[in-house]
Amino acid sequence: MRIDLNQVANWIAPGSRILDLGCGDGSLLQSLAATKQVEGYGLEIDPGHISACIARGVNVIEQDLDRGLANFADKSFDTVVMAQAIQTMHFPHRVLADMLRVGKECIVTFPNFGHWKARWHLALHGRMPVSDLLPYEWYDTPNIHFCTFKDFEVLCRELDITILHRQVVTERPRARLLAQWRPNLFGETAIYHLTANGGE
Amino acid sequence: MGLVQPQTLHCDQPLLLANGRQLDGYDLVFETYGQLNRDKTNAVLICHALSGNHHAAGFHTAEDQKPGWWDNYIGPGKPIDTDHFFVVSPNNIGGCHGSTGPRSINPQTGKPWGADFPNLRVRDWVETQVFLADHLGIEQWAAVIGGSLGGMQAMRWALEYPGRLRHCVAIASAMKLTAQNIAFNETARQAILSDPHFFDGDYAARDSYPKKGLSVARMIGHITYLSDDGMGQKFGRELRSGSFERGTDEPVEFEVESYLRHQGDAFSQRFDANTYLLMTKALDYFDLAREYDNDPIAAFRHARCRFLVIAFTTDWRFSPLRSREIVDALIGANRAVSYAEIDSHFGHDAFLIPNRRYSDVFRRYMLNICRESP
């Protein structure tokens, strides 16, 4: 499992009810069902991913997240997860607000656009970064709303969201210390554990 | 699937119907495909739609032009794989293909039932299917599967006999019809009722048949089972005969006109007008949650099985929105469900037609059922 998904699992209580937005091939839900006896659903739009979920026996609902979560009741899930998908949304702030309406807690992971490699690429070449972490050209990418850790935290403040935990992930162990020192410069992936202010 | 044989099961226990009337006994015609395993855990029930019957797969004779109505999806190596599953496919009572219906003889009068055959609801069919399951020794279906009106039966099973199925597959279905959908049914019924050969449903006794009315009813239905797009691609404005040349008064016939008339004609020969009225009424009356305080979430809380719901993008008779309502209610009731919305330009008929993604989703879901232990 991807390193960010391992961390996600740490913040999920056994037996809880999970909604996984952009659930991919369903591996997170499957592993959480096996290790933490969670119940839940994944939302996806990619036919290949939907088929993969069904093959794993993971509940998957074909639903376009850009059209919102209006069909889900307030606080109807313990945790709403969105791993590496918020940067692909048309309106990340609306999705985030909706997630916090539907879930008692939320976990969001995304790639850090403030990582030094991205900054270096833009500063040196004057072009949008293309790297092993961000492998798409600007004109043909699912990632339409990049942000940095700082950007995300500003949005959380504006939406009155409490950050319960933040974990910064790096691929190589050597970068870990640097990321602890300057997360917005050296962190590759952010994992945020959130709840709405005034929530439970 | 090869050659298949229908069987007939007679029930001599009275069946109390949802409308309060009673059928003293009835025949149920059904087909089976594949082998029932020793523990009887691999049985799958197929519920047919408005104009379907028990002949879902294979051929009756080597000379048959067409296989059963769901042969694309039932058979060895197909999504409902008869190498794994024992498939049971009955003809619903009220039908016109062997099970007791308006064409059968009413034992009390010695004449065909005709219009006097009792109105049926989806739950009545489920009761007869329970009798069939008992007869076959099937305590619990691995899955109950149906498209359209068949999906309604599958969902009714899930609510009324929760312990007797492990999976419910509802394809291109709905928890209840919309006003527009009922309106189409009523227009079709009026076509039959206004045919002078209908004789208030007693046409059989008078050696008559409302062929024209039934044909028009089918034409109306058929239009709603296709999509604008699909009809455009299949027929466009192609002419079957005549031309638009100036100065000619030749009558023009569009391909789509001739196609619809042919469909109507063929259908009126193989179907029964009273059955058509009965089936469309059963569709109209179906309301999954009516007896659960009109609360679909409360209704689905009675279900114990897992669900697969499938809809098709251009289906406007049973639109994806109706399937989404099913899915949302199931999520509200905290029931296991997966949902796929399949791209197809075949409208409502898409559930019968080969489609790569539909097949893939269906096959994977069914394979999982094989793998799990009951």
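Treat the numbers as computed from the prediction; the structure is a model and nothing was measured.

So, the overall build of chain A
The helix and strand inventory of chain A stands at eight helices and seven strands. Over its C-alpha trace chain A gives a radius of gyration of 17 Å, about what one expects of a compact globule, namely 16 Å for 200 residues. With the C-alpha coordinates aligned to their principal axes, the bounding extent of chain A is approximately 45 × 40 × 30 Å. Per-residue burial over chain A gives 50% buried out of 200 residues. Put simply, chain A shows about 9800 Å² of open surface, and 54% of that area lies on carbon and sulfur atoms. Of note, chain A has its 19 positive side-chain charges centred 7 Å away from the centre of its 23 negative side-chain charges.

Things to note about the domain arrangement of chain B
Residues and elements named next belong to chain B. In terms of domain boundaries, chain B breaks down into domain 1 (7–178 + 288–371) and domain 2 (182–280). Of note, the centres of domain 1 and domain 2, computed from C-alpha atoms alone, are 26 Å apart. On the side of domain 2, 29 residues touch domain 1, which itself brings 29 residues to the contact. Taking both partners together, domain 1 and domain 2 bury about 2400 Å²; carbon and sulfur atoms supply 59% of that area. Run the count over domain 1 and domain 2 and you get one salt bridge. Ionic pairing is found between R103 and D272, a salt bridge with its closest N-O pair at 3.2 Å. Viewed at the interface, domain 2 and domain 1 are joined by 13 residue pairs in polar contact (both at pLDDT 80 or more). Taken together, the residues of the side of domain 1 that touches domain 2 sort by class into 14 nonpolar, 12 polar and three charged.

Some details on the side chain of N92(B)
Residue and element names in this part refer to chain B. As for its position among the elements, N92 is in the loop between β8 (86–90) and β9 (105–106). Polar side-chain contacts of N92 include one of 3.2 Å to the side chain of Q129. Within the structure, the side chain of N92 is placed 3.2 Å from the side chain of Q153, a separation counted as a polar contact. Leave out the neighbours within four places in its chain, and N92 touches H48, S99, W125, Q129, Q153 and M279.

With respect to the interface of chain B and chain A
Listed by partner, the interface residues are 22 residues for chain B and 20 residues for chain A. For the chain B and chain A pair, buried surface summed over both sides reaches about 1700 Å², with 44% attributable to carbon and sulfur atoms. Three residues stand out in chain B for area buried against chain A, namely I331(B), R357(B) and R364(B), and they jointly supply 30% of the buried area on that side. Along the contact surface separating chain B from chain A lie one salt bridge. R357(B) serves as the salt-bridge partner of E62(A), at 2.8 Å between the closest nitrogen and oxygen. In this structure, the connection of chain B to chain A is made through 20 residue pairs in polar contact (both at pLDDT 80 or more). Of all the elements in the fold, those that place two or more residues in the side of chain B that touches chain A are β15 (306–312), α9 (320–332), β16 (337–342) and α10 (356–371) of chain B. Looking at the side of chain B that touches chain A element by element, the count peaks at seven residues for α10(B).

Here we look at the pattern of salt bridges
Summed over the entire model, instances satisfying the criterion amount to 21 salt bridges over all chains. D74(A) is the partner of R101(A) in a salt bridge, and the nearest nitrogen-oxygen pair spans 2.7 Å. With R101(A) in helix α4 (residues 92–102) and D74(A) in the loop between β3 (60–62) and β4 (77–83), this pair connects stretches of sequence that are 27 residues apart. Residue classification places D74(A) among the exposed positions, given a relative accessible area of 53%. With a shortest N-O distance of 3.0 Å, R123(B) and E291(B) are connected by a salt bridge. Of this pair, R123(B) sits in helix α1 (residues 122–136) while E291(B) sits in the loop between α7 (273–285) and α8 (296–300); the two residues are 168 residues apart in sequence, bridging distant segments of the chain.

Quick word on the environment of E250(B)
As for its placement among the helices and strands, E250(B) is situated in the loop between β13 (239–241) and β14 (253–254). Discounting residues that sit within four places of it in the chain, E250(B) has contacts with G242(B) and S243(B).

A short note on the layout of surface pockets
All names here are of chain B. Counted as a void, the largest pocket has a volume near 1400 Å³. The set of elements that each furnish at least two residues to the lining of the largest pocket consists of α4 (211–225), α5 (228–234) and α6 (255–270). Looking at the lining of the largest pocket, the element that brings in the most residues is α6, giving six residues. Looking at the lining of the largest pocket residue by residue, the classes come out as 16 nonpolar, 20 polar and seven charged. Residue contributions to the lining of the largest pocket reach at least three from each of two domains, namely domain 1 (7–178 + 288–371) and domain 2 (182–280).

Cut-offs used in this document
Residues numbered from 1 in each chain as written. Chains lettered and ligands numbered in written order. Predicted model: local features only at pLDDT ≥ 70, side-chain atom pairs only at ≥ 80, totals over all residues. Heavy atoms only, no water. Helix = DSSP H or I, 4+ residues; strand = E, 2+ residues; numbered from the N terminus. Rg over C-alpha atoms; globule rule 2.2 N^0.38 Å. Buried < 20%, exposed > 50% of the residue type's maximum accessible area, 1.4 Å probe, protein only. Areas by Shrake-Rupley, 256 points an atom, 1.4 Å probe, with all protein chains shown as cover. Lys, Arg positive; Asp, Glu negative; His and termini not counted. Charge placed at Lys NZ, Arg CZ, Asp CG, Glu CD. Domains from an automatic or database assignment. Contact = heavy atoms within 4.5 Å. Buried area = accessible area lost by both parts, 1.4 Å probe. Salt bridge = Lys/Arg side-chain N within 4 Å of Asp/Glu carboxyl O. Polar contact = N/O pair within 3.5 Å; in protein donor to acceptor, adjacent residues only side chain to side chain. Nonpolar A, V, L, I, M, F, W, Y, C, P; charged D, E, K, R; others polar. 1 Å grid on protein atoms, 1.4 Å probe; cavity = no way out; pocket = protein on both sides within 12 Å on 5 of 7 lines; lining within 4 Å. Points joined across faces, edges and corners; volume = space filled by probe spheres on them.

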